[in-house]
Amino acid sequence: MNDLSIDIRALVKRHGETVAVDHVSLQIRRGEFFSLLGPSGAGKTSLLRMLAGFETPDAGEIHIDGRSMADVPPNRRPVNLVFQSYALFPHMTVAGNVAFGLEMQRVPRGEIAGRVEATLELVRLSDKRDRMPGQLSGGEQQRVALARALVNRPAVVLLDEPLAALDQQLRQQMQSELKSIQVQVGITFVCVTHHQEEALALSDRLAVMRQGRVMQVGRPEDLYERPENLFVARFVGASNEIEGVLASVEAGTGDLLPQGLAPMRGIRVSVPAGLQSGAPVVMTVRPERIRVTPGQGAEAGGNCLHGVVETMRYIGSEWQGVVRIGESVRWTIHAPNAGSGNRPVAVGAPVLLHWSPDDGVVIPLI
Amino acid sequence: MLAPGLLWTALFCLLPILVVLAVSFATRGTYGGVLWEFSLENYRDLLHPLYGRILGQSVLLAAMTTGLCLVMGFPLAYYIARLPPRRQALWLVLIMIPFWTNFLVRTYAWIFILRTEGLLNTLLLQLHLIQAPLDLLYSNEAVLLGLVYGYLPFMVLPLYAAIERIDPALIEAAWDLYADRWSLFRLVLVPLTKPGIIAGCVLVFIPSLGAFLTPDLLGGARSMMVGNLIQHEYLVARDWPLGSALSLVMMLIVTGSIVWYLRAQAPRDGERGAG
Amino acid sequence: MKMNGAGVWLRGISGAVMAFLYLPILVLTVFSFNDSRLSAVWQGFSWHWYGVLWHDAALLAAAANSLLVGVLSTSLVVLLGLPAAMGLERLRGKGVRVVETIFLLPLILPEVMMGVALLLFFVMVRWPLSLATVVIGHAAFNLPVVVVLVRARLQKLDPRLEEAARDLGASAWETFYRITWPLIRPAVLGAALLAFTISLDDFIVTFFVAGPGSTTLPLRVYSMIKSGLSPEINALSSLLVLLSMGLVGLSLVLQRR
């Protein structure tokens, strides 16, 4: 109980006709880097704004550090928000921006100076303390926004698409910086993003959201390796799928009988608890788990399907292609760049796709 | 936070208008003032040929002012919109400065130029272009000149805003598709700048119709406009009910043109996407 | 820049229209330095008419009245208009259009209409015409000017800034005082200067609601024009032109910031 930082219970928020947040319950632990991942319109920003206090829930409760946030206005909440646009006060210096929250809390002047200095040190902006926000680069503005939140030592720092406004290269650099700062200060971070790679890289745990609902909560590896539904499978990484019916389920394994496909032999899959033979399911495999070999002869062991290469593109570190299986099933494959840029398989060539039964994730069709 | 300002406007603008409305249906007292007896007499009086003539003349003068401003303002607005951005800003400020200088003074400047012993007559006489001074002042033409001079900026600014928004590629496309200058103007510029043209026309028409100073100072005995008539009824004839009826008719015309303007500004179905 | 035939033509017209706008004012100013009673014939340079202005007691009294009316009505519209603009900005829903229209009413009303309506109103409530009624009149037609300009600035303000201040612990008042006000201050000053200029220049509404002894500068100029021309008017006019240009220029600079 006492390591719980945020406790969200059955939270509902409506915007007119649409339900932005639909009975969301989440427990976020103290010191955790937690992300809300989802496409736009998933309700993650509404959720964040309710945590900050800018929107009022229509139903449900939010507790932060065990205290109910109902009727607590934004300026009295132990949370600070890093805005997507940074929202730096344009008429104040960097140090002025960072000091603002402390001044509002009537922290003694001497203490303010010290804490501002230390926080600017933390985000490596000590030399920019007297600049105006307009004179800073995008990355520097981002760090000021972060410092302005951190300096107050809030229970929770909320981040709204923190890296969205930065270009690709700066983004990656800021990702690791953000993570290391979070580890250093040990404050709970709640981060909204639509960028799945970023969410996986930064988070201790994350929640994938869709149309106001939480689809799955877990560690990045849980979500990527064991998606509980097709939405998560497709939104977090690429998903190669085959629809079918389970057969001969026994002791956590079974066979998948695909629809409209004649596999060389039954597809072996591991079956989650509660699924019986005859259940309609989808099996999904990540591209990098598939081994591609030219030719038609089957190898012994593992799962295997015939296909024809439709496209192949070279992206440097590897080859990425699309293989058609049967009439209309298309899978994405990643083939390592084995050397000298040679095409592993030719477009139009028949190939074999191999993968281990452990890598096929079975998702029930409802 | 709205309340004090709202109350202020309601008290010193909305309420006075309602008073005018009420008085317009009242009867004139024997020695001026208002008798609270309901009557439509004042509105019937407006049909009198004398008032009708002044009303008609006001609308005509305002319409001519609007037309002249449009003809003079369009080339100017087009020229400014095609200048480099920095020069555009300079020209716009230059257009706005006279508009913000004292209207009375600007009208007086024309008296100084046009009157019998004025600058223009003096100059023409000295150059022996004329033998006797011309009667330029105190005429409908002088009023028209003063009105155009006074309200031209109202036309240029919205026209500029509309023309500036046109994608230059559209004009180039028209050239490319064999349009001559007249077709370009008629088939591309006018339809695309229509909201700006209407805005400019309404912005010029309204103050022109309600003009008081220009006809008062530059006009002769026969160039009275509604504004002068209203002032006359209130302050000279002291027939407040009639003056009120006149004011309301003027306000009705103004409101009508504003409604027309708002209708024209609202995007119609199907036009939205192209914008 | 290369110029084709149409370009030259356009340039010519534009130049001519500009000359039309500026020549009268320019001529007036030049002749205010004319050392002659016959105002339209140039007799040599002189400051004479400016000296005459300086010793015209009635004129100085009118100027003092104008200044007083300007300062009072401007203070009033800023005090009323600033909260009104902020209130309008926060207002949501169907009532917005109605409230907006009421605020804009004085702006779309013909000036003569505004003048007679106020006159009639003051007479009906038995409020004697005086300098006070002039101040009220000016504050009535200048309120929308301040509301519109301040609101335009508020609309450009990132609403996230106020949220950020709240998030960092600022109360509503602290948010206004530390964030909103410093950011809109130039626009408010610009709007105030513009309202002051309009008040200083107003003739029509003043004409209807001014009581005896509350002659303002434009009223004085009007009666000078009506009672026969003197080069003194040229000098006074030039000063007024210079004054409005300066004030408006300053206002524009402030609003740009």
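Residues numbered from 1 in each chain as written. Chains lettered and ligands numbered in written order. Predicted model: local features only at pLDDT ≥ 70, side-chain atom pairs only at ≥ 80, totals over all residues. Heavy atoms only, no water.

Focus on the overall build of chain C
Then comes step 1: A tally of regular secondary structure across chain C gives eleven helices and zero strands.
Then comes step 2: Going from N to C terminus, chain C has its helices and strands arranged as α-α-α-α-α-α-α-α-α-α-α.
Then comes step 3: At 23 Å, chain C has a C-alpha radius of gyration far larger than the 18 Å of a compact globule built from 257 residues.
Then comes step 4: Counting only C-alpha atoms and orienting by the principal axes, one finds that chain C spans roughly 70 × 65 × 30 Å.
Then comes step 5: Taking all 257 residues of chain C together, the buried fraction comes to 57%.
Then comes step 6: Taking all contacts inside chain C whose residues are at least 6 apart in sequence as the whole, residues at least 24 apart take part in 72%.
Then comes step 7: Element-wise, carbon and sulfur atoms account for 68% of the exposed surface of chain C, whose accessible area totals about 11,200 Å².
Then comes step 8: Here chain C contributes 19 positive and 13 negative side-chain charges, whose respective centroids are spaced 6 Å apart. (Helix = DSSP H or I, 4+ residues; strand = E, 2+ residues; numbered from the N terminus. Rg over C-alpha atoms; globule rule 2.2 N^0.38 Å. Buried < 20%, exposed > 50% of the residue type's maximum accessible area, 1.4 Å probe, protein only. Contact = heavy atoms within 4.5 Å. Areas by Shrake-Rupley, 256 points an atom, 1.4 Å probe, with all protein chains shown as cover. Lys, Arg positive; Asp, Glu negative; His and termini not counted. Charge placed at Lys NZ, Arg CZ, Asp CG, Glu CD.)

Points about the interface of chain B and chain C
Then comes step 1: Between chain B and chain C, the contact holds 72 residues from the first and 76 residues from the second.
Then comes step 2: Roughly 6,900 Å² of surface becomes buried between chain B and chain C when both sides are summed, with 84% attributable to carbon and sulfur atoms.
Then comes step 3: Among the residues of chain B in contact with chain C, B:Trp8, B:Trp100 and B:Tyr108 are the three that bury the most area, contributing 11% of the side total.
Then comes step 4: The residue B:Asp216 makes a salt bridge to C:Lys226 at a minimum N-O spacing of 3.3 Å.
Then comes step 5: For the pair chain B and chain C, the number of links is seven residue pairs in polar contact (both at pLDDT 80 or more). (Buried area = accessible area lost by both parts, 1.4 Å probe. Salt bridge = Lys/Arg side-chain N within 4 Å of Asp/Glu carboxyl O. Polar contact = N/O pair within 3.5 Å; in protein donor to acceptor, adjacent residues only side chain to side chain.)

Thoughts on the interface of chain C and chain A
Then comes step 1: Each side of the interface is counted separately: chain C has 17 residues, and chain A has 23 residues.
Then comes step 2: For the pair chain C and chain A, the two sides together bury roughly 1,800 Å², of which 60% comes from carbon and sulfur.
Then comes step 3: Inspection of the chain C/chain A interface yields three salt bridges.
Then comes step 4: C:Arg178 is the salt-bridge partner of A:Glu103, the closest N and O atoms lying 2.8 Å from each other.
Then comes step 5: Taken together, the links from chain C to chain A amount to eight residue pairs in polar contact (both at pLDDT 80 or more).
Then comes step 6: Among the secondary structure elements, those contributing two or more residues to the side of chain C that touches chain A are helix H7 (159-167) and helix H8 (172-201) of chain C.
Then comes step 7: Sort the elements by how many residues they give to the side of chain C that touches chain A and H7(C) lands first, with seven residues.

Quick word on the sheet that holds strand S12 (residues 253-258) of chain A
Residue and element names in this part refer to chain A.
Then comes step 1: Taken in spatial order, the five strands of this open sheet run S13-S12-S11-S14-S20, and their pairing is antiparallel. The outermost strands of the open sheet, each flanked by one partner alone, are strand S13 (267-270) and strand S20 (361-364). With direction set aside, neighbouring strand axes in the sheet form an average angle of 45°.
Then comes step 2: In the sheet, strand S11 (residues 240-250) pairs with strand S14 (residues 280-285) via six bridges, with the strands oriented antiparallel. Bridged to Asn240 within S14 is Val285. (Pairing = 2+ DSSP bridges. Axes fitted to C-alpha atoms, helices over the stretch in contact; angles between N-to-C directions.)

A short note on the confidence of the model for chain C
Then comes step 1: Here chain C shows a mean pLDDT of 89. Residues at 70 or above account for 96%.
Then comes step 2: Per the prediction output, this complex has pTM 0.82; the corresponding ipTM is 0.86. (pLDDT = per-residue confidence, 0-100.)

A word on the packing of aromatic side chains
Then comes step 1: Within this structure, the stated rule accounts for 38 aromatic pairs over all chains.
Then comes step 2: When the centroid spacing of 6.4 Å and the interplanar angle of 10° are considered together, the rings of B:Phe212 and C:Phe203 count as stacked. In this pair, B:Phe212 sits in the loop between helix H10 (194-209) and helix H11 (213-218) while C:Phe203 sits in the loop between H8 and helix H9 (204-209), so the two residues belong to two different chains. Side by side, B:Phe212 and C:Phe203 carry an identical accessibility label, which is buried.
Then comes step 3: Ring centres 5.8 Å apart and planes at 85° place the aromatic pair C:Phe31 and C:Trp42 in the edge-to-face group. Residue C:Phe31 is found in helix H1 (residues 5-31), and its partner C:Trp42 is found in the loop between H1 and helix H2 (48-54); the two are separated by eleven residues along the sequence.
Then comes step 4: Look at C:Trp42 and you get partly exposed, because its relative accessible area is 41%.
Then comes step 5: Among the aromatic residues, those joined into a ring-pair cluster are B:Trp8, B:Phe12, C:Phe121, C:Phe122 and C:Trp127.
Then comes step 6: When the ring centre of A:Tyr224 is taken as origin, the NZ or CZ atom of A:Arg286, which lies over that ring, is 4.2 Å away. (Phe/Tyr/Trp six-rings, centres within 6.5 Å; stacked < 30°, edge-to-face > 60°. Lys NZ or Arg CZ within 6 Å of the ring centre and 35° of its normal.)

Focus on the sheet that holds strand S3 (residues 33-37) of chain A
Residue and element names in this part refer to chain A.
Then comes step 1: Across the sheet, which stays open at both edges, the six strands sit in the order S6-S7-S8-S3-S9-S10 with mixed pairing between neighbours. Single-partner strands in this sheet number two, and they are strand S6 (79-82) and strand S10 (213-218). Neighbour-to-neighbour, the strand axes of this sheet turn through a mean angle of 20°, independent of strand direction.

Description of H8(C)
The periodicity of an α-helix, 3.6 residues per turn, causes residues three or four positions apart to be oriented the same way.
Residues and elements named next belong to chain C.
Then comes step 1: With 30 residues, H8 should cover 44 Å at 1.5 Å per step; its first-to-last C-alpha distance of 38 Å lies more than 12% under that length.
Then comes step 2: The sharpest bend along H8 comes to roughly 55°, located at Trp181, with the proline Pro182 sitting one to four residues further on.
Then comes step 3: In terms of burial, H8 is largely enclosed, as 22 of its 30 residues are buried. (Expected span 1.5 Å × (residues − 1). Bend = angle between axes of the 7 residues up to and from the residue.)

Details of the environment of A:Glu32
Residues and elements named next belong to chain A.
Then comes step 1: Looking at the secondary structure, you find Glu32 in the loop between strand S2 (18-29) and S3.
Then comes step 2: Judged by its relative accessible area of 5%, Glu32 is buried.
Then comes step 3: The sequence separation of Glu32 and Ser5 amounts to 27 residues, and the corresponding C-alpha distance is 8.6 Å.
Then comes step 4: In contact with Glu32, other than residues within four places in its own chain, are Gln182, Ile187, Thr188, Phe189, Asp204 and Arg205.

Comments concerning the confidence of the model for chain B
All names here are of chain B.
Then comes step 1: Here chain B averages 87 in pLDDT, and 96% of its residues register 70 or above.
Then comes step 2: When mean pLDDT is compared element by element in chain B, helix H7 (residues 140-164) scores highest at 93, while helix H8 (residues 168-176) scores lowest at 79.
Then comes step 3: Overall, residues 269-275 carries pLDDT values under 50, and its contacts beyond four positions in sequence, including any with other chains, amount to one contact.

Quick word on the pattern of salt bridges
Then comes step 1: All told, the structure shown has 33 salt bridges over all chains when counted by the stated rule.
Then comes step 2: For the salt bridge of A:Glu177 with A:Arg124, the shortest nitrogen-to-oxygen distance reads 2.9 Å. One end of the pair, A:Glu177, is in helix H5 (residues 168-185); the other, A:Arg124, is in the loop between helix H3 (109-122) and helix H4 (138-150), and 53 residues separate them in sequence.
Then comes step 3: Since its relative accessible area comes to 47%, A:Arg124 is described here as partly exposed.
Then comes step 4: For C:Glu89, the salt bridge identified is with C:Arg151, shortest N-O distance 3.1 Å. Of this pair, C:Glu89 sits in helix H3 (residues 57-90) while C:Arg151 sits in helix H6 (residues 131-156); the two residues are 62 residues apart in sequence, bridging distant segments of the chain.
Then comes step 5: With a relative accessible area of 22%, C:Glu89 lands in the partly exposed category.

Side note on unusual backbone geometry
Residues other than glycine predominantly adopt negative phi, and peptide bonds predominantly adopt the trans conformation.
Then comes step 1: Phi at A:Gln211 is positive, roughly 45°, even though this residue is not glycine.
Then comes step 2: Along the chain, A:Gln211 turns up in the loop between strand S9 (205-210) and S10.

Here's the deal with a nonpolar patch on the surface
Residue and element names in this part refer to chain B.
Then comes step 1: Judged by side-chain polarity, Leu11, Leu15, Leu18 and Leu21 come together as a nonpolar surface patch covering roughly 310 Å² of accessible area.
Then comes step 2: As for its position among the elements, Leu11 is in helix H1 (residues 3-24).
Then comes step 3: Overall, the relative accessible area of 37% leaves Leu11 in the partly exposed class. (Patch = residues over 30% accessible without salt bridge, like charges linked within 9 Å, V, L, I, M, F, W, Y side chains within 5 Å.)

Brief notes about H3(A)
Residue and element names in this part refer to chain A.
Then comes step 1: With 14 residues, H3 ought to run about 20 Å at 1.5 Å a step, and its terminal C-alpha atoms sit 20 Å apart, in line with that.
Then comes step 2: Where H3 is concerned, the buried positions are Ile112, Arg115, Val116, Thr119 and Leu120. Burial along H3 is one-sided: seen end-on, the buried residues are contained in an arc of 130°. Every exposed residue of H3 that faces more than 90 degrees away from the buried side is listed here: Gly110 and Glu121.
Then comes step 3: Where the residues of H3 are buried, they touch helix H2 (94-104) and H4. (Arc of directions from axis to C-beta.)

Regarding the arrangement of the chains
Then comes step 1: In this assembly, two pairs of chains are in contact, and the pair contributing the most contacts is chains B and C.
Then comes step 2: When C-alpha atoms are compared, chain A and chain B, though not in contact, are closest at a spacing of 21 Å.

Thoughts on the environment of A:Asp255
Residue and element names in this part refer to chain A.
Then comes step 1: Turning to its location among the elements, Asp255 is positioned in strand S12.
Then comes step 2: Expressed as a C-alpha distance, the spacing of Asp255 and Pro357, which sit 102 residues apart in the sequence, is 9.7 Å.
Then comes step 3: Setting aside residues up to four positions removed in sequence, Asp255 forms contacts with Val245, Leu246, Ala247, Ser248, Ile267, Arg268 and Val269.
Then comes step 4: A polar atom in the side chain of Asp255 sits 3.5 Å from the side chain of Ser248.
Then comes step 5: Polar contacts involving the side chain of Asp255 include one to the side chain of Arg268, which spans 2.8 Å.

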